[in-house]
Amino acid sequence: MDISAKIFIAGRNGMVGSSLEREFRKRGYENIIGLSSKELDLKNQSAVEEFFSGEKPEYVVLAAARVGGIMANIESPAEFLYENLAIQNNVIHYSYRYGVKKLLFLASSCIYPRLCPQPMKEEYLLNGKLEPTNEGYAIAKIAGLKMCQMYNKQYDTDFISVMPCNVYGIGDNFDPQKSHVVAGLIRKFHQAKQENKEFVEVWGTGNARRELMFSEDLADACIFLFESYSGNEFFNVGTGSDISIKELAYLIKKVVGFDGNIKFDTTKPDGMPQKLLDVSALKKAGWVYKTDLEEGIRKTYEWFLKLS
Ligand code: GFB
């Protein structure tokens, strides 16, 4: 890939998009484009076509999506389905129409069946029923992945997909209701520490298990595959190990320095009992993660402190 190639990062300002931009720039790529959602509504078909016809990007990374944690997904399944389908339909289709040389689509580990054998291998996709708390999001992501494969088959494009585990990091959304677990708990423990609260409420039983990866590592893996892989397989991207929400809560409590207790609110859902990816294909291709969970949480908390 030419270092001066024009790369469009859709979702450039989000957590994953901004990590991707930093990682591309570290490698010397400078011709990076991408607009905020106010400047370019990726759900708007004609606006997306106009953007592609004007800019003619050579490479595209599709990191734009409506994302949110378990409660946001439960509350707005229609929006998670519609908005993600619209964004990916437009970006993937016009990438094909305007001759994009390569596209990378970011899906999610929630596309695997709810009771999938663990660790989850790429071949388990569509082997069973989805987790109901994020069905809208998962259906959209499955459609995006299939769209890439079908466009490759019919139009000979080079569109690849990755399946990341749960991601956290710099630029995350810390909204206490809508965020994912790491950002949500960082905010809750921080506030409890400031207000000398006796305890923090953690959703669910604490028994659900998640595999968590720092967003810079995800960006590193995406660029690794972008530069080295073409074909119709998709890759799981993760660390290869998981942690219970209970252990995670104690780790975040330690990083934040909160002295009080933890209570589990079992009226809130656990979601999928476990989400651990089999990352052996990616390992075999030559990529492994770098950032240990505690270090990643520390970096995210430092960034959160600068914000507040
Ligand atoms: O991160 P999270 O919302 O994502 O929740 P999912 C992970 C687990 O942490 C669940 C528990 O068992 C939650 O009940 N949890 C405990 C909390 N306390 C909190 C809290 O304060 N905030 C949050 N958010 N969770 C999402 C999907 O599911 O994962 C999306 O809904 C997407 O579609 C994303 O795939 C990666 O792993 O449950």
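Reading the values: the criteria
Positions within a chain are numbered from 1, following the residues in the order the chain's sequence is written. Whole-chain, interface and lining totals are the exception, using all residues; otherwise, since this is a predicted model, local features are given only for residues with pLDDT of at least 70 and side-chain atom pairs are given and counted only at 80 or more. In computing side-chain values, all of the structure's heavy atoms are included and hydrogens and water are not. Partly exposed describes any residue whose relative accessible area lies between the buried limit of under 20% and the exposed limit of over 50%, with all areas from a 1.4 Å probe on protein chains only and scaled to the type maximum. Counting from the N terminus, the helices are DSSP H or I runs at least four residues long and the strands are E runs at least two residues long. A clockwise course of the path from the first strand over the helix to the second, judged with the strands pointing away from the viewer, identifies a crossover as right-handed. DSSP calls a pair of strands paired once it identifies at least 2 bridges connecting them. Fitting a line to C-alpha atoms yields each axis, with helices limited to the stretch in contact; the angle taken between N-to-C directions then spans 0 to 180 degrees. Comment on the angle field: the value is read as roughly parallel under 35 degrees, roughly antiparallel over 145, roughly perpendicular from 65 to 115, and oblique elsewhere. Left-handed describes a crossing in which the near helix is turned anticlockwise from the far one by less than a right angle; the clockwise case is right-handed. Should any heavy atoms of two residues lie within 4.5 Å, those residues are counted as being in contact. Geometry of aromatic contacts follows a simple scheme: Phe, Tyr and Trp rings, the Trp one being its six-membered ring, pair when their centres are within 6.5 Å, and the pair is stacked under 30 degrees between planes, edge-to-face over 60, tilted otherwise. Two limits define a charge over a ring: the Lys NZ or Arg CZ must be within 6 Å of the ring centre, and within 35 degrees of the ring normal.

A. Local environment of the pairing of strand 1 (residues 7-10). Across the two faces of strand 1 the burial is the same, with I7 and I9 and F8 and A10 all buried. Crossover connection from strand 1 via helix 1 (residues 15-26) to parallel strand 2 (residues 32-33): handedness right-handed. Sheet topology places strand 1 next to strand 3 (residues 59-62); four bridges connect them, and they run parallel. By the bridge assignment for strand 3, I9 is matched with V61.

B. How the structure looks around the sheet that holds strand 10 (residues 235-237). Taken in spatial order, the six strands make up an open sheet running 2-1-3-4-5-10, and their pairing is parallel. Each of the sheet's edge strands pairs with one partner strand only, and the pair in question is strand 2 and strand 10. Relative to strand 5 (residues 159-164), strand 4 (residues 102-106) runs parallel, the two being bridged by four bridges. Pairing of F105 across the sheet is with S161, part of strand 5.

C. Fine view of the packing of helix 1 against helix 7 (residues 215-228). Packing of helix 1 against helix 7 brings their axes to within 8 Å, and their N-to-C directions diverge by 60 degrees. Considering their axes alone, helix 1 and helix 7 lie oblique with respect to each other. Handedness of the crossing formed by helix 1 with helix 7: right-handed. Residue-level inspection shows M15, V16, S19, L20, R22, E23 and F24 of helix 1 in contact with helix 7, the latter providing S215, E216, L218, A219, D220, C222, I223 and F226.

D. Summary view of the packing of aromatic side chains. Within this structure, the stated rule accounts for 17 aromatic pairs. Between the aromatic rings of F24 and Y29, the centroid separation amounts to 5.4 Å while the plane-to-plane angle is 90 degrees, which identifies the pairing as edge-to-face. For the pair formed by F24 and Y29, the shared burial category is buried. Feature note: the residues F24, Y29, Y59 and F226 constitute an aromatic cluster, connected by ring pairs. One residue, R66, lies across the ring of F80, its end atom 5.3 Å from the ring centre. Taking NZ or CZ as reference, K263 lies 3.8 Å from the ring centre of F199, over its face.

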